[in-house]
Amino acid sequence: MNWNVELEIAHKLAQMRGWLEQEKAGALRLRGVDWFAWATAGASGSTCQTAECGCAEVLVTRDAAYILTDAAEAQRLRQEEVRGCWTWQVTPWMQPRLAELREHFVQHAAQGRPVLCDRPGLHERCLPVALREERLPLLAPEQARYREVGRLASAAASEALRAARPDWSEQELAGACARALWSRGLHAVYVLAAGAERFERYRRAAQGFGLCASLSRQRRFRPARDGIGEADAAILALEAVALDACVAGHALSMVYHALDSAYAYAGQPDTVQEFRQGGIAGYRAPEVAAGAHTEIALKDGMAVAFHPSLPGSMVEDTFLLSGGRLHNLTCDPDWPAATVQGRRRPLTLEVQ
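## Topic: the overall build of the chain
Point 1. Scanning the chain from N- to C-terminus turns up 10 helices and 19 strands.
Point 2. Here the C-alpha radius of gyration of the chain, 22 Å, is about what a compact globule of 352 residues would show, namely 20 Å.
Point 3. For the chain, the spread of C-alpha atoms along the principal axes amounts to about 70 × 40 × 40 Å.
Point 4. Within the chain, buried positions represent 52% of all 352 residues.
Point 5. Contacts spanning at least 24 positions in sequence make up 59% of the contacts within the chain whose residues lie at least 6 apart.
Point 6. Across the chain, the 39 positively charged side chains and the 42 negatively charged ones have centroids separated by 3 Å.

Take a look at the structure:
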């Protein structure tokens, strides 16, 4: 199928209207920036990257699809973000009764039936978990956008770490990483730079088109010494256990338990319980965190990102599960790498 934005949005509107029929609801209201990006094929409804809800919402009924926003943001959203055939419901931003007027419109549009919502307010019903999980397998155009986000994010990571100097503070390294992301049109969702007293690494989640790509890279300025190669080999072997468990049909908990066993084998028991290990990725990082009882099944089209850690070492990339194998979305072909279990995995960049 040759997808375009209008076709993708139409597909998702049909999907959402199917949910309305299934739940006997009158309207579906999407407040979160993650759901807004999903419904609009990658548009941003937020002016603040740390906000869970933005300045615009999506409202879908059986016969209409609305963008709800205020007059201060409507023109920018129309010109720079939102594409497709939406009906715009714009409220004056200085109206003291803005929230009341919007709630009245939503209830009127629902025609007395329940309103489903990703972040429900008063008189709204929570979007069922089973329906929330339907967005996790990504459509072909979403996968294409994700590949672009991953390509840009990995290039930004490489640029920042190759330019780093041994006298930089962790804040300076994090700033360089953020600048490299912004210069490529990506938003830095989370940046962690750890220096000499911990270990030189760069971990971050970057966002573009609403999709979050995560990766971790390491650089050392000290001359090579015994044990560095072994450290890379140990963490990559541990990660390979988790990635090998990422098979369509397997429960996410199986990946968690595989990591737990791998940590024990590496002499680090209970580590899996001390730190988050990642999970299913997409419009949030993560969408679903891996845990001992996370029984959601992996499916073709889902993205995953895991970040196992050992003392002095960490590794992470974002992968797409497609065609029975994992495709690395955040691979930089110019970064030093080794092949582990048939996958190209990043090594520590050594600078003499």
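## Considering the sheet that holds strand β16 (residues 325-328)
Point 1. An order of β11-β10-β12-β15-β16 is seen for the 5 strands of this open sheet, with the pairing classed as antiparallel. Looking along the sheet, the strands with just one partner apiece sit at the ends: β11 (288-289) and β16.
Point 2. Two elements, strand β15 (residues 317-322) and β16, share 4 bridges in a ladder whose sense is antiparallel. Across the sheet, Phe-319 pairs through a bridge with Asn-328, a residue of β16.

## Some remarks on the nonpolar core
Point 1. Counting 49 residues, the largest nonpolar core has Met-16, Leu-28 and Trp-86 as the members making the most contacts within it.
Point 2. Other than its neighbours up to four places away in sequence, Leu-28 contacts Met-16, Trp-19, Leu-20, Val-58, Leu-59, Val-60, Leu-116 and Leu-127.
Point 3. Core analysis: the second largest hydrophobic core is formed by 31 residues, Leu-136, Tyr-256, Ala-258 and Leu-310 among them.

## Quick word on the pairing of strand β17 (residues 337-340)
Point 1. Strand direction decides the pairing type here: β17 and strand β18 (residues 343-346), joined by 4 bridges, are antiparallel. Paired with Ala-337 across the two strands is Pro-346, which belongs to β18.
Point 2. Linking two consecutive strands that pair antiparallel, namely β17 and β18, is a turn of 2 residues; a positive phi of about 55° is found at Gln-341 within it.

## Describing unusual backbone geometry
Point 1. In the segment running from Ala-285 into Pro-286, the intervening peptide bond is cis, with an omega of -5°.
Point 2. Looking at where Pro-286 falls in the secondary structure, it is placed in the loop between β10 (278-281) and β11.
Point 3. We note that Phe-209 has phi near 55°; this positive angle belongs to a residue other than glycine.
Point 4. Note on placement: Phe-209 falls in the loop between β8 (201-208) and β9 (211-220).
Point 5. Not every positive phi belongs to a glycine, and Gln-341 is a case in point at roughly 55°.
Point 6. Take Gln-341: it is sitting in the loop between β17 and β18.

Parameters and conventions
The residue numbering used here restarts from 1 in each chain and proceeds along that chain's sequence as written. For this predicted model, a pLDDT threshold of at least 70 governs which residues receive local features, and a threshold of 80 or more governs which side-chain atom pairs are given and counted, while totals over whole chains, interfaces and linings are taken from all residues. Note: side-chain values were computed over all heavy atoms of the structure, leaving out hydrogens and water. A helix here means a DSSP run of H or I that spans at least four residues, while a strand means a run of E at least two residues long, and both kinds are numbered starting from the N terminus. Atoms counted for the radius of gyration: C-alpha only. Globule rule: 2.2 Å times the number of residues to the power 0.38. A simple rule labels every residue: compare its accessible area, found with a 1.4 Å probe on the protein chains alone, to the largest value its type can have, and call it buried under 20%, exposed over 50%, or partly exposed in between. Throughout, a residue-residue contact means that at least one pair of heavy atoms, one from each residue, lies within 4.5 Å. Two residue types count as positive, namely Lys and Arg, and two as negative, namely Asp and Glu; His and chain ends fall outside the count. By convention, the point assigned to a charge is CZ for Arg, NZ for Lys, CD for Glu and CG for Asp. Pairing between two strands is assigned when DSSP locates at least 2 bridges connecting them. Only buried Ala, Val, Leu, Ile, Met, Phe, Trp, Tyr and Cys residues count toward a nonpolar core, and they belong to the same one when joined by side-chain atoms within 4.5 Å.

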